[in-house]
Amino acid sequence: MSDQSKSLDVLKDIGTAIVQSIDNEEFPTLKFPGRGTENLVYDEKSKRFVLGNTRVTRDSSNLRHIKSFTQLIWVASYAKQLLQAGRTSSLRDLYYSSEAFGVEFTDQAESDRTVNSTPKASLE
Amino acid sequence: MAGFGNPSQAVYSTVRELVENSIDACEEARRQPDVRVSIDEERSGIVRVTVSDNGTGVPYGEVPNAFARVLYGDKFTARQRRGTFGLGVTMAALYGQITTDSPVIVVTQTSHTTGRYYQLLIDIENNQPVILSDESHEREGPGTEVTIRLKGDLNRSRERVYDYLKLTTVASPHAHMELAINGSSIMRMGWWHQILPAPTTTSKPHPHGADLELLRRLVADAGERSLHDFLVESFQRMGTRTATRFLKFLAINPRQAVNTLSRGDLSRLSSALRSFDGLGRPDGKCLSPIGKDAFLTSIESVFAPSALTYGSRGPTEWSGNAFIVEGVAAIDTGARAAEVPTLYRFANRVPLLYDSGEDILTKMLKRVNWVQYGVRSTTPVSIFLHLCSTRIPFKAAGKQSIASLPEIEHEVLSLLRELGRSLKKTLKRGERSVRDAQKKREFDKAMKQVAQFSAELAECDVVPSTAELIRRLFEVDHHV
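None of these values were measured; they are calculated from a predicted model.

What counts and how
Residues numbered from 1 in each chain as written. Chains lettered and ligands numbered in written order. Predicted model: local features only at pLDDT ≥ 70, side-chain atom pairs only at ≥ 80, totals over all residues. Heavy atoms only, no water. Helix = DSSP H or I, 4+ residues; strand = E, 2+ residues; numbered from the N terminus. Rg over C-alpha atoms; globule rule 2.2 N^0.38 Å. Buried < 20%, exposed > 50% of the residue type's maximum accessible area, 1.4 Å probe, protein only. Contact = heavy atoms within 4.5 Å. Areas by Shrake-Rupley, 256 points an atom, 1.4 Å probe, with all protein chains shown as cover. Lys, Arg positive; Asp, Glu negative; His and termini not counted. Charge placed at Lys NZ, Arg CZ, Asp CG, Glu CD. Buried area = accessible area lost by both parts, 1.4 Å probe. Salt bridge = Lys/Arg side-chain N within 4 Å of Asp/Glu carboxyl O. Core = buried A, V, L, I, M, F, W, Y, C linked by side-chain atoms within 4.5 Å. Expected span 1.5 Å × (residues − 1). Polar contact = N/O pair within 3.5 Å; in protein donor to acceptor, adjacent residues only side chain to side chain. Pairing = 2+ DSSP bridges. Axes fitted to C-alpha atoms, helices over the stretch in contact; angles between N-to-C directions.

## A few points about the overall build of chain A
Helix and strand counts for chain A come out as four helices and four strands. Reading the secondary structure of chain A in the N-to-C direction produces α-β-β-β-β-α-α-α. Against the compact-globule benchmark of 14 Å for 124 residues, chain A has a radius of gyration of 15 Å, which places it among compact chains. Viewed in the frame of its principal axes, chain A has a C-alpha envelope of about 45 × 35 × 35 Å. Of all 124 residues assigned to chain A, the portion counted as buried reaches 38%. Within chain A, counting contacts between residues at least 6 apart in sequence, those at least 24 apart form 55% of the total. Within the structure as shown, chain A displays about 7,300 Å² of accessible surface, and the carbon and sulfur contribution to it stands at 49%. Here chain A holds 16 positive side-chain charges and 17 negative ones, and the gap between their average locations is 6 Å.

Structure (structure tokens):
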């Protein structure tokens with residue numbers, strides 16, 4: 001199984017889980033990588049800092065969480081479109097594309113952070 | 001003449017005097033007042049005012065004196081009425097006679113009679129009515145219709161008359177008002193509240209109002225009664241125990257017959273009664289406040305505010321005259337926003353439109369620090385204040401502004417602060433609900449996006465509905 005189709009499966013699983021919980025009239029939740037400095041780990045292999053394994057829960061019933069929740073789901077669906085089309089995008093391009101979908105980012109830094117979080121976001 | 005100072009005020013004052021009498025007459029008859037005002041400009045500067053009602057009608061023998069004799073009235077009693085002495089209509093008739101040389105025309109019908117038509121002039125020198133005609137005349141039913149021709153400025157009084165009638169339906173929500181000018185109907189409003197106010201009863205005088213004149217009159221009626229019995233029978237709030245305590249304090253023999261009291265004794269008794277402290281609240285049965293339900297209903301009907309609140313103080317008394325102040329604070333009545341709320345004044349259910357600057361109600365309104373109650377220059381707040389009393393201390397005979405008396409000042413100020421406090425709560429609630437609505441909109445949008453994007457991820461065609469989730473999250477008042 002290629003990396004690409006594995007990614008598509010993961011994205012599909014996330015989408016299905018969220019659709020199901022909305023159908024069951026439950027608020028979907030996601031786990032995000034923590035953004036604190038204590039969750040920054042130096043990765044020897046790539047010789048850079050990456051996010052560690054600490055997770056925070058984002059609950060869509062929480063008014064303070066809903067914005068980042070929406071942003072993340074959108075980045076996931078955008079990634080899926082790119083994968084299916086076999087294309088890539090720059091962070092800059094993604095930031096500007098968000099407007100066309102009615103998803104708001106305060107600035108590009110915020111969208112960049114969301115993009116970095118997406119691969120590590122999970123249902124559990 | 002008071003209230004007839006200029007041609008525009010004259011039209012307004014004529015309407016006002018006639019309308020007040022009409023509503024009083026209907027309440028006397030325990031009917032829902034239906035008052036029709038028509039004003040026609042016969043030629044430039046000459047106006048004909050006709051006011052008709054469905055009241056008791058005037059007994060035929062009384063008509064000439066009631067409408068064409070100055071200081072002939074039955075209103076000298078200690079209870080709340082709109083008019084004070086029944087003097088105003090005669091003044092209006094007199095003004096009409098002086099300025100246009102026309103008689104006042106009265107058509108009236110009491111129950112069990114057919115109607116009668118009069119044309120009356122006033123013999124000013126002898127203060128006697130002159131009857132020009134007196135003939136039988138069919139009318140639709142009991143009631144009175146009065147027509148006065150006078151010199152007046154219709155264009156400049158138009159708005160005042162309209163405002164006056166509109167505000168009359170606020171203060172008398174059980175009444176219906178119609179206005180026609182030059183034959184075309186301008187307004188029909190009222191009957192906001194179906195319940196007639198409870199009839200007022202004449203109270204015994206309050207001891208604080210026992211001036212020498214009143215005391216002498218009461219003593220003359222009391223015969224050989226003992227001083228103690230005299231006090232208990234003649235005054236309100238004077239029970240056996242209070243009277244005994246009072247006389248003990250004065251060191252007067254309670255068994256002394258009142259008709260043996262000397263002038264000096266009476267004078268001493270009068271000043272002691274007026275300054276006596278140990279009395280309960282005055283009797284409120286002589287008063288007719290609009291009341292919470294009726295007042296709120298009428299303001300809602302006329303002004304359609306977004307929120308409103310009611311408060312009242314009393315009964316208490318000034319110089320023995322019982323009074324109650326009640327008020328409503330309303331938000332968004334169409335009045336312009338200002339740091340000090342817009343004030344509507346009422347005295348004994350009569351709206352006051354002139355001389356607001358002099359008025360005690362206006363002064364007290366300005367004394368309150370409204371910012372403290374969350375009233376900002378952008379908040380359109382209106383305050384409606386109604387003072388009702390067996391005697392309204394008007395500043396002048398025009399009956400347009402209320403004089404400053406410490407007792408009334410105190411109650412009005414307390415009432416305004418009370419209204420301010422509940423206004424503050426209402427305004428806060430309003431701000432919160434605006435914030436909540438905005439939050440809900442944002443949340444609703446975000447949830448729909450989540451549903452849509454996740455449906456794309458899941459590759460399912462049907463986007464799940466989020467309506468139930470949103471409803472559940474916002475139905476409870478408290479959230480994160």
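Next comes the rest of the write-up.
## A short note on the interface of chain A and chain B
The interface of chain A with chain B comprises 31 residues on the first partner and 26 residues on the second. Both faces combined, the contact of chain A with chain B buries some 2,400 Å², and carbon together with sulfur accounts for 72% of it. For the chain A face of the interface with chain B, the top three residues by lost area are Ile-22, Phe-27 and Leu-63 of chain A, together amounting to 27%. Joining chain A to chain B, the criterion identifies three salt bridges.

## Considering the nonpolar core
One finds Val-15, Val-19, Val-37, Ile-39, Val-49, Leu-165 and Phe-384 of chain B to be the most contacted residues of the largest nonpolar core, which totals 60 residues. Core analysis: the next-biggest nonpolar cluster, separate from the first, contains 33 residues, Phe-32, Leu-94 and Tyr-95 of chain A together with Ile-470 of chain B among them.

## Comments concerning helix H4 (residues 154-171) of chain B
Residue and element names in this part refer to chain B. For H4, which comprises 18 residues, the first-to-last C-alpha distance of 25 Å matches the rise-based estimate of 26 Å (1.5 Å per residue) to within 8%. Listing the buried residues of H4 in full gives Leu-154, Ser-157, Val-161, Tyr-164, Leu-165, Lys-166, Leu-167, Thr-168, Thr-169, Val-170 and Ala-171. A side-chain oxygen of the first residue of H4 lies 3.3 Å from the backbone nitrogen of Asn-155; this N-cap is Asp-153.

## Digging into the sheet that holds strand S1 (residues 34-43) of chain B
Residues and elements named next belong to chain B. Taken in spatial order, the eight strands of this open sheet run S5-S4-S3-S6-S2-S1-S7-S8, and their pairing is mixed. Whereas interior strands pair on both sides, the edge strands pair on one side only; in this sheet they are strand S5 (128-136) and strand S8 (184-190). Across the sheet, the axes of successive neighbouring strands diverge by a mean angle of 15°, strand direction being ignored. In terms of strand pairing, strand S2 (residues 46-52) meets strand S6 (residues 143-151) through seven bridges, oriented antiparallel. Paired with Val-49 across the strands is Ile-148, a residue of S6.

## Remarks on the sheet that holds strand S13 (residues 381-389) of chain B
Residues and elements named next belong to chain B. If you walk across this open sheet you meet the five strands as S9-S10-S13-S11-S12, and the pairing is mixed. The open sheet terminates on both sides in strands that have one partner only, identified here as strand S9 (307-318) and strand S12 (350-352). If you compare each strand with its neighbour and ignore which way they point, the axes differ by 20° on average. Together, strand S11 (342-347) and S13 form the strand contacts of helix H10 (residues 360-367), whose direction differs from that of S11 by roughly 145°.

## Focus on the pairing of S13 of chain B
Residues and elements named next belong to chain B. Most of S13 sits inside the fold, with nine of its nine residues counted as buried. Residues Val-381, Ile-383, Leu-385, Leu-387 and Ser-389 point to one face of S13 and Ser-382, Phe-384, His-386 and Cys-388 to the other, with burial holding for every one of them. Two elements, S11 and S13, share six bridges in a ladder whose sense is parallel. Within S13, the residue paired with Arg-345 across the bridge is Leu-385.

## Let's talk about the pairing of S5 of chain B
All names here are of chain B. Strand direction decides the pairing type here: strand S4 (residues 116-123) and S5, joined by eight bridges, are antiparallel. Paired with Arg-116 across the two strands is Ser-136, which belongs to S5. Hairpin connection between S4 and S5: a loop of four residues separates the two successive antiparallel strands, and Asn-127 in this loop has a positive phi of roughly 50°.

## Observations concerning the environment of Ala-171 of chain B
Residue and element names in this part refer to chain B. By the secondary structure assignment, Ala-171 is in helix H4. Under the relative-accessibility criterion, Ala-171 is labelled buried at 0%. Excluding anything up to four places from it in sequence, Ala-171 contacts Ile-290, Phe-346 and Arg-349.

## Here's the deal with the pattern of salt bridges
All names here are of chain B. Scanning the entire structure with this criterion turns up 18 salt bridges over all chains. Across the pair Arg-149 and Glu-42 runs a salt bridge, and its minimum N-O distance is 2.6 Å. Pair noted here: Arg-149 is in strand S6 and Glu-42 is in strand S1, with a separation of 107 residues, a long-range link. In this structure Glu-42 comes out as partly exposed when scored by relative accessible area, which is 35%. Taking the shortest distance from any N to any O, the salt bridge between Arg-313 and Glu-411 comes out at 3.1 Å. Linking Arg-313 in strand S9 with Glu-411 in helix H11 (residues 406-458), this pair joins segments that are 98 residues apart in sequence. The class for Glu-411 is buried, based on a relative accessible area of 10%. Beyond isolated ion pairs, a larger network of salt bridges with shared partners links Asp-34, Arg-36, Glu-178 and Arg-188.

Treat this as a map of the structure, not an account of what it does.
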